[in-house]
Amino acid sequence: MPRPLVSRSAGALEGTIVVPGDKSISHRALMLGSLAVGESEITGLLEGEDVLRTAEAMRALGAHVRRESPGQWRVAGCGTGGLAEPDNVLDMGNSGTAARLLIGLLATHPFVSTLTGDASLRRRPMRRVTDPLSMFGARFVCREGGRLPITIEGTDEALPVNYRLPVASAQVKSAVLLAGLNAPGVTTVREPRATRDHTERMLTHFGVLVAVFRDGAETVIEVTGEVEMTARDVRVPGDISSAAFPLVAAAIRPGSAVTVRNVGLNPLRAGILETLRDMGAAIRIDNVRTEAGEPVGDVSIDATELRGVDVPPERVPAMIDEFPILAVAAACAAGTTRMTGLAELRVKESDRLSAMAEGLSACGVALEEGQDSLTIHGTGHPPQGGAMIAVDLDHRIAMSFLVLGGATGDPVAVDDAAPIDTSFPGFADLMNGLGLRIADVITP
Ligand code: S3P
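Residues numbered from 1 in each chain as written. Predicted model: local features only at pLDDT ≥ 70, side-chain atom pairs only at ≥ 80, totals over all residues. Heavy atoms only, no water.

Some words on the site of the ligand
Here is step 1: Every residue lining the ligand is accounted for by S24, R28, T97, A168, S169, A170, Q171, R196, I320, D321 and K348.
Here is step 2: Between an oxygen atom of the ligand and a side-chain N or O atom of S24, the distance comes to 2.7 Å.
Here is step 3: Separating an oxygen atom of the ligand from a side-chain N or O atom of K348 is a distance of 2.7 Å.
Here is step 4: Isolated, the ligand exposes 390 Å² of accessible area, and the fraction of that covered by the protein chains is 94%.
Here is step 5: Counting residues per element, the ones that place at least two in the shell around the ligand are helix 1 (23-35) and helix 5 (170-180).
Here is step 6: By residue class, the composition of the shell around the ligand is three nonpolar, four polar and four charged. (Near = heavy atom within 4 Å. Polar contact = N/O pair within 3.5 Å; in protein donor to acceptor, adjacent residues only side chain to side chain. Areas by Shrake-Rupley, 256 points an atom, 1.4 Å probe, with all protein chains shown as cover. Helix = DSSP H or I, 4+ residues; strand = E, 2+ residues; numbered from the N terminus. Nonpolar A, V, L, I, M, F, W, Y, C, P; charged D, E, K, R; others polar.)

Pasting the structure below:
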């Protein structure tokens, strides 16, 4: 059942909150814990639907995964190469990360497995992972256009691979590195543009030898395979991609002051903070520390008048999931914001470029949508609002427009808020606790 929600103009937002655990790190903690020898304790795990799909899949592949208390999980792994053939199809729901990383792991396990997902995941491209994973010796059968469902015939004679990423994608990089774990010798990935390095950091945390170096403009990552991993405890920080919603909500409501504690600040993820600062936002970071190889801190923001900026295209991978909420900030800022190099936004949970362009236009925002760009002309005041937005199974589109509705003249509604549970369970309550006014739409 679709769950429509509506957001109405609110006063200043105030408060100190924590957001749910980082989605990228949560998937990786479950997967690496499932391959390590011994029992790993994970705290702060995101209990959103995407990560719960990964937990279920790792169980189906033979790992012992159990929930002790909210956010606290224990995983007893099977050892490198020790996953077992699942006796049914693995359903990865809405999660591209779960699907692509798992296809990587399964490529070098010598059995047959089949993965599927929801309507959104079934339209997303998988050739970007099956092309490099075929080089290990694995074979794949999928639907036309490289779409799920996919059947994977993993190889038992894996060859190490040397692969240059044609698109900036941490999921593709991670799929190759994870396949390389069960291949002899050194697997190498070359990135023309650095992407989030959670896999590299967590592999190191679990005792795998990972070398990272620069070669001209490229980043080169080398993983040594067939190494036994040892169980490790992981404390998952709050997700900066989730924190971005309350931070922008505060930035666009005069008089607001919000702090999000315990946020992951990996420099290859935190580009939204730099961009908001460029726009004139007053952001403070305190209490910086390192947990499970990841930088973590408390982020505070005070509302200020925002101005339009040009977002440097080289910053795109470090804020790839934050463009929907940045577009909301840009719609309330004074002047023009130009975002370029956004082709990847068209193959996320939805086509986010057209979803933002259509939704913001319907709310009265002047903009131009290009093939891989979005230009937004802000007036220095929030737009009129008054639209019902089609979410198209995309959690970040839903949350972005609910944040916008807290500032617009007329309310903004989303036709289905259910996908928010994939990454940010409790979003509406948490935001309302800060002073936003999100409510159910009463349908006859
Ligand atoms: C992710 C990588 C990014 C990001 C996604 C999570 C990851 O996808 O959009 O939400 O955890 O590796 P791409 O690799 O497709 O850019």
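Digging into the sheet that holds strand 6 (residues 90-91)
Here is step 1: Sheet architecture is open: four strands sit in the order 6-7-9-8, paired in mixed fashion. Unpaired on one side and paired on the other, strand 6 and strand 8 (139-143) mark the two borders of the sheet.
Here is step 2: Bridge count for strand 7 (residues 112-116) against strand 9 (residues 147-153) is four bridges, and the pairing is antiparallel. Each residue of the ladder has a partner; that of V112, found in strand 9, is E153. (Pairing = 2+ DSSP bridges.)

Comments concerning the environment of R164
Here is step 1: Residue placement: R164 occurs in strand 10 (residues 162-164).
Here is step 2: On the basis of relative accessible area, R164 is assigned to the partly exposed category, the value being 48%.
Here is step 3: In this view, R164 contacts R190 and E218; residues no more than four positions away in its chain are not counted.
Here is step 4: A distance of 2.5 Å separates polar atoms of two side chains, one belonging to R164 and the other to E218. (Buried < 20%, exposed > 50% of the residue type's maximum accessible area, 1.4 Å probe, protein only. Contact = heavy atoms within 4.5 Å.)

Here's the deal with the packing of helix 3 (residues 96-107) against helix 5
Here is step 1: Remark: helix 3 packs on helix 5, axes separated minimally by 7 Å, with the N-to-C direction vectors making an angle of 30°. The orientation of helix 3 relative to helix 5 falls into the category roughly parallel. Like other packed secondary-structure pairs, helix 3 and helix 5 cross with a definite hand, here right-handed. Between helix 3, through G96, T97, R100, L101, G104 and L105, and helix 5, the contact on the second element is made entirely by Q171, S174, A175, L178 and A179.
Here is step 2: Of the residues assigned to the contact of helix 3 with helix 5, the class counts are five nonpolar, five polar and one charged. (Axes fitted to C-alpha atoms, helices over the stretch in contact; angles between N-to-C directions. Parallel < 35°, antiparallel > 145°, perpendicular 65-115°, else oblique. Left-handed = near helix turned anticlockwise from the far one by under 90°.)

Structural notes on the nonpolar core
Looking at soluble globular proteins, one finds that nonpolar side chains tend to be buried together.
Here is step 1: Within the largest apolar cluster, 78 residues are counted, with the highest numbers of intra-cluster contacts made by L360, L374, I376, F401 and F427.
Here is step 2: Those residues in contact with L360 that lie beyond four places of it in its chain are A327, A331, V365, L367, I376, F401 and L404. (Core = buried A, V, L, I, M, F, W, Y, C linked by side-chain atoms within 4.5 Å.)

Regarding unusual backbone geometry
Here is step 1: A cis geometry characterises the amide bond from L148 onward to P149, with omega recorded as 0°.
Here is step 2: As for its position among the elements, P149 is in strand 9.
Here is step 3: At E226, a residue that is not glycine, the phi angle is positive and equals roughly 55°.
Here is step 4: Topologically, E226 is positioned in the loop between strand 13 (218-224) and strand 14 (234-235).
Here is step 5: For N262, which is not glycine, the phi torsion reads 60° and is therefore positive.

Some remarks on the pattern of salt bridges
Opposite charge on two side chains permits them to pair, given that their charged atoms come into close proximity.
Here is step 1: Across all of its chains, the model carries 34 salt bridges by this definition.
Here is step 2: Among the ionic pairs, R74 bridges to E39, the shortest N-O distance being 2.5 Å. On the criterion of sequence distance, the pair formed by R74 in strand 5 (residues 72-76) and E39 in strand 3 (residues 39-43) is long-range, its members being 35 residues apart.
Here is step 3: Close ionic contact of K173 with E200 constitutes a salt bridge, the shortest N to O distance being 2.8 Å. Within this pair, whereas K173 is found in helix 5, its partner E200 is found in helix 6 (residues 198-205), the two being separated by 27 residues in sequence. Accessibility classification places K173 together with E200 in one group, the buried group.
Here is step 4: What emerges from the salt-bridge pattern is a single network uniting R124, R196, D321, E349, R352, D394 and R396. (Salt bridge = Lys/Arg side-chain N within 4 Å of Asp/Glu carboxyl O.)

Details of the sheet that holds strand 10
Here is step 1: Across the sheet, four strands lie side by side as 10-11-13-12; this open sheet has mixed pairing. The open sheet has two free edges, formed respectively by strand 10 and strand 12 (210-215), since each of these has just one partner strand. Between one strand axis and the next, the sheet turns through 15° on average, direction left out of account.
Here is step 2: Relative to strand 13, strand 11 (residues 186-191) runs antiparallel, the two being bridged by six bridges. Note that in strand 13 the partner of V186 across the bridge is T224.
Here is step 3: The strands touched by helix 5 are strand 10, strand 11 and strand 13; relative to strand 11, the strand with the most contacts, the crossing angle is about 170°.

Observations concerning the packing of aromatic side chains
Here is step 1: In the structure shown here, the tally under the stated rule is two aromatic pairs.
Here is step 2: Relative to F427, the ring of F424 has its centre 5.2 Å away and its plane inclined at 75°; by these criteria the two rings are edge-to-face. Comparing F424 with F427 shows no difference in burial state: the two are buried.
Here is step 3: An aromatic cluster of three or more residues is present, and its members are F245, F424 and F427. (Phe/Tyr/Trp six-rings, centres within 6.5 Å; stacked < 30°, edge-to-face > 60°.)

Digging into the pairing of strand 16 (residues 282-291)
Here is step 1: For strand 16 and strand 17 (residues 294-302), the ladder comprises eight bridges, and the chain directions are antiparallel. Its bridge partner being in strand 17, I283 is matched across the sheet by I301.
Here is step 2: Between strand 16 and strand 17, which pair antiparallel and follow one another directly, the connecting turn spans two residues, one of which, A292, has a positive phi of 50°.

Such coordinate-based values are descriptive only and should not be taken to indicate function.
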